Amino acid sequence: METRGARSRSDEGREDMRREYRFDYTKARSNRFAGRFQAGAVAVVLDPDVASVFGSSNTVNRLLRSVIAAMPERGRKRAKAG
């Protein structure tokens, strides 16, 4: 039986939460990162241990292109998205 003063885990941190948040849309900007991607580009998230090996997206792309070049012609078919 719980006492009135006991808190459940879901109640932790609620004193920091406001009942309602108002967002000022007049200060909103369109996607400021959209210009960084070329048309048809796909964003991929690397695990931290993998990402630590590569300094930039160029090095990742260079390695992947060399793997693709080494693949047999049959295996080069482009995978369908989705």
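Our subject is the structure that appears above.
Here is a short report on the structure shown in this document. (Residues numbered from 1 in each chain as written. Predicted model: local features only at pLDDT ≥ 70, side-chain atom pairs only at ≥ 80, totals over all residues. Heavy atoms only, no water.)

Considerations on the overall build of the protein chain
Scanning the protein chain from terminus to terminus reveals two helices and zero strands. For the protein chain, the proportion of its 82 residues judged to be buried stands at 1%. Carbon and sulfur atoms form 52% of the exposed surface of the protein chain, whose accessible area is close to 9,100 Å². (Helix = DSSP H or I, 4+ residues; strand = E, 2+ residues; numbered from the N terminus. Buried < 20%, exposed > 50% of the residue type's maximum accessible area, 1.4 Å probe, protein only. Areas by Shrake-Rupley, 256 points an atom, 1.4 Å probe, with all protein chains shown as cover.)

Points about the environment of T26
If you trace the backbone, T26 turns up in the segment before α1 (48–51). Residue classification places T26 among the exposed positions, given a relative accessible area of 70%. A polar atom in the side chain of T26 sits 2.5 Å from the side chain of D24. (Polar contact = N/O pair within 3.5 Å; in protein donor to acceptor, adjacent residues only side chain to side chain.)

Re the pattern of salt bridges
Between side chains of opposite charge, pairing is possible as soon as their charged atoms come close. Applying the stated rule across the entire model yields one salt bridge. One salt bridge connects E20 with R22, and the closest N-O pair in it is separated by 3.3 Å. (Salt bridge = Lys/Arg side-chain N within 4 Å of Asp/Glu carboxyl O.)

Here we look at a nonpolar patch on the surface
Together, V42, V44, L46 and V50 make up an exposed nonpolar region whose accessible area comes to about 360 Å². Mapped onto the elements, V42 comes out in the segment before α1. (Patch = residues over 30% accessible without salt bridge, like charges linked within 9 Å, V, L, I, M, F, W, Y side chains within 5 Å.)

What to know about the packing of aromatic side chains
Summed over all chains, the structure comprises one aromatic pair. With 4.7 Å between their ring centres and 75° between their planes, F23 and Y25 make a pair best called edge-to-face. Considered together, F23 and Y25 belong to a single accessibility category, that of exposed residues. (Phe/Tyr/Trp six-rings, centres within 6.5 Å; stacked < 30°, edge-to-face > 60°.)

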